[in-house]
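# Observations on chain architecture
One-letter residues, chain by chain:
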Amino acid sequence: MGVGKKGKKDLPKRSRSSLEKRETRAFYVIMTPFLLMFLIYRLFPMAWGVYISFTNFSGFNGDTMKMVGIDNYIRVFTDNEALASLGRTFVIGVIVIPLSIIICNTFAILLSFLKRGIGIYRTLFYLPAIMPVVAVGTMWRGMFLRDGGVINELIKLFSGEPVNWMGYDHAGYALMIMLLWGAGSGLLNNIAAIKNIPTELFEASRLDGANVWQQITRIILPLSSPMNYMALVTGVITSLQLYGQPMTLSGNGMATVPVRPLYTYMVHAYQQIFVNLRFGYGMALTVFVVLIMVALTVVNEKLSQKWVHTD
Amino acid sequence: METKSKGLRIISYIAATLIGVIFLFPFYYTFINSIRGLNSLPATLKPIAYEWENFKLALTLIPYFKYLKNSLIIIAITVPLGLVSNVMYGYALAKLKARGQSIIFFAVLTTMMVPTFAIQIPQYILFSKIGLTDTFVLWVFEGIAGSAAITFLSRQYFYSMPRAIMEAAYIDGCSPYTAFTKILLPLSKPLCAIVVFQIFNFNWGDYMTAYMYLSREKYPLVMSMFSPAEYVMPGTNVVLTPVVNAATLLFIIPVLILFFVCQKYLVEGISGAAVKG
């Protein structure tokens, strides 16, 4: 690397303390743009949003805007749509998150068995994850068409009854199928985690007579747990924010109300703000879901000590 | 892990191929439906016509180059700015010792927790108050602020490099800045590749931000390519599905190219980062 040629083992004491000062100064110089942006561009909007959630702001009533206390928050609990859509969003998350994690681990393990062509399969599995949300929605909408859509045609081929995928009974399943198809985004992390496992570990376990299943459950899965933990935490956060996918799947434009199973919590919040111009209430809905996210992240963190492997 | 068992490997190949086909199918389906006639029923498993004209329509029905220009402006702003900011922040958070570092790292993490949605609405209100909506200034801010997830990844990447590298750099007369530019940065190609790919991929396909902040004139491609009929006959209900399908395929080509260019680095980039929870 060409460094350390002078062969000195350590820095002299005096320069060490001045080094700390230099590092501190450099740290704050480098982080200044972030800090400025964070204050102006993230913290201030967040604080403003929380403030708005305690008012009757509608976007245009600057003159009649007033504080309404916790009215907006009470309304979150009395508005049937809010809790119903939150429950719906939870159900989708509870099904999709574990399945996504299982899919990513299975595929990564499967790929680790291969000798050649790993690159091709890796690309194939990852391909859906690089599709823009809008394009994914458009694509699946075509496949789910009631008449002539390929999924119904395949069902007919196996002599089943074609289904109205975009209707009340099946739109939820359609959404989940679409979400699971895109689950490969976490795959690269799992592949990397397996790649990081020293090969000696596998060799040693083989000498000890471990079979493949034992290698998977005793070596690969524990050592992939930090990645799976990251997938769980981000999965919980993003699934509560679910908005783009149901909207593009329903495909009638952003301001429309999609069929109930696609009407997620964030769609409800969006409707309140941009269609009904209830900014205060919309922000209360948003703050409420952020609190849930923070709580779930803390719970995840606590539970992680039970299953996430650390050195 | 390479398995010694031949049977297992063969089963794995079969399974991987089957899954690959399932994952690829929507792309194939979009393709065969991009070359069917404008008024025909959807093709199901094999092409029913070869109307290559649809690909041309996808580019000519909308003012393609105008919107491409807007997309490229956003990319030209966010990719270089985001690359510099995220990688630098990652370096500072991982390798420079300073008081208050953990608090600032926590600030990075909060931006990951609070949904973009929750920040964007108040941001929009603020931006409209100071008259910055319908400009690309927002993306300059986005670029400078960095993305929490990517800053986090960069930090993990530099974290995995031994501290001794820094000591050696200082002995060679480097400052904290030149240690970064001369020593660590040349070792960070995988990280840079993954950062460029992720920023490009996100901004190329991100429509929420554009939808919120920009007027039709300034829309990027992602806002216009999927509604070609709107540009022929405003307010129409016609969708022109084959043209939309062709547009979808054309739209993802740049991302695919970048993916293949970066693909070798993509996995290395992550395995370089310390995989700690």
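Fair warning: this is a prediction, and the values are worked out from it, not measured in the lab.

Counting its secondary structure elements, chain A contains 13 helices and zero strands. When the elements of chain A are put in sequence order from the N terminus, they spell out α-α-α-α-α-α-α-α-α-α-α-α-α. In terms of overall size, chain A is more extended than a compact globule, its C-alpha atoms giving a radius of gyration of 25 Å where 311 residues would be expected to give roughly 19 Å. In terms of its C-alpha atoms, chain A occupies a principal-axis envelope of roughly 70 × 65 × 35 Å. With 311 residues in all, chain A has 50% of them scored as buried.

Turning next to the nonpolar core. Ranked by size, the top nonpolar core spans 180 residues in total, and within it W140 of chain A together with Y91, L96, F158, F197 and L221 of chain B carry the most contacts. Among the elements that line this core, the one with the most residues is helix 3 (residues 64-95) of chain B, at 13 residues. Both domains that meet at this core, namely domain 1 (6-54) and domain 2 (62-272) of chain B, each give it at least three residues. Filtering out sequence-adjacent residues up to four positions away, L96 of chain B remains in contact with E23, A26, F27 and I30 of chain A together with Y91, Q101, M166, Y170 and P176 of chain B.

A separate point is empty space enclosed by the protein. Residues and elements named next belong to chain B. Taken as a whole and assessed by the stated rule, the structure comprises three cavities of 30 Å³ or more. In terms of lining residues, the second largest cavity is bounded by S71, I74, I75, W139, N203, W204, D206, A210 and P220. Elements that contribute at least two residues to the lining of the second largest cavity include exactly helix 3 and helix 10 (189-205). Considering each element in turn, the lining of the second largest cavity owes the most residues, three residues, to helix 3.

Turning next to helix 10 (residues 212-240) of chain A. Residue and element names in this part refer to chain A. For helix 10, with 29 residues, the first-to-last C-alpha span of 37 Å runs short of the 42 Å given by 1.5 Å per residue. The axis of helix 10 is deflected most strongly, by about 50°, at S225, and proline P226 appears within four residues downstream. Measuring from the side-chain oxygen of the N-cap residue of helix 10 to the backbone nitrogen of W213 gives 3.2 Å; that N-cap residue is N211.

Of the residues lining the interface, 101 residues belong to chain B; the matching set on chain A comes to 105 residues. Of the roughly 9,600 Å² buried where chain B meets chain A, counting both sides, 76% is carbon and sulfur surface. Remark: the boundary between chain B and chain A carries one salt bridge. The closest approach of N and O atoms between E23 of chain A and R163 of chain B, which form a salt bridge, is 3.1 Å. It is helix 1 (residues 6-32) of chain B that provides the largest number of residues to the side of chain B that touches chain A, a total of 17 residues. Class assignment for the residues of the side of chain B that touches chain A results in 69 nonpolar, 20 polar and twelve charged.

In this structure, the largest pocket encloses a volume near 1,100 Å³. Contributing to the lining of the largest pocket are 38 residues, with R141, G251 and G253 of chain A together with F226 and S227 of chain B lying nearest its centre. Among the secondary structure elements, those contributing two or more residues to the lining of the largest pocket are helix 5 (133-143) and helix 11 (244-250) of chain A together with helix 1, helix 12 (221-224), helix 13 (228-232) and helix 14 (241-272) of chain B. Broken down by element, the residue count for the lining of the largest pocket peaks at five residues, all from helix 5 of chain A. Among the residues making up the lining of the largest pocket, the classes are represented as 20 nonpolar, 14 polar and four charged. Lining the lining of the largest pocket are residues from two domains, each supplying at least three of them: domain 1 (6-54) and domain 2 (62-272) of chain B.

Phi angles above zero are rare outside glycine, and S159 of chain A is one such case at about 50°. As for its placement among the helices and strands, S159 of chain A is situated in the loop between helix 6 (150-157) and helix 7 (171-181). A relative accessible area of 67% places S159 of chain A in the exposed class. The phi torsion at D134 of chain B lies on the positive side, around 60°, for a residue other than glycine. Here D134 of chain B is to be found in the loop between helix 5 (116-129) and helix 6 (137-145). A relative accessible area of 25% means that D134 of chain B is categorised as partly exposed.

The rules behind each value
- Residues numbered from 1 in each chain as written.
- Chains lettered and ligands numbered in written order.
- Predicted model: local features only at pLDDT ≥ 70, side-chain atom pairs only at ≥ 80, totals over all residues.
- Heavy atoms only, no water.
- Helix = DSSP H or I, 4+ residues; strand = E, 2+ residues; numbered from the N terminus.
- Rg over C-alpha atoms; globule rule 2.2 N^0.38 Å.
- Buried < 20%, exposed > 50% of the residue type's maximum accessible area, 1.4 Å probe, protein only.
- Core = buried A, V, L, I, M, F, W, Y, C linked by side-chain atoms within 4.5 Å.
- Domains from an automatic or database assignment.
- Contact = heavy atoms within 4.5 Å.
- 1 Å grid on protein atoms, 1.4 Å probe; cavity = no way out; pocket = protein on both sides within 12 Å on 5 of 7 lines; lining within 4 Å.
- Points joined across faces, edges and corners; volume = space filled by probe spheres on them.
- Expected span 1.5 Å × (residues − 1).
- Bend = angle between axes of the 7 residues up to and from the residue.
- Polar contact = N/O pair within 3.5 Å; in protein donor to acceptor, adjacent residues only side chain to side chain.
- Buried area = accessible area lost by both parts, 1.4 Å probe.
- Salt bridge = Lys/Arg side-chain N within 4 Å of Asp/Glu carboxyl O.
- Nonpolar A, V, L, I, M, F, W, Y, C, P; charged D, E, K, R; others polar.

Interpretation in functional terms is not warranted from these geometric data alone.
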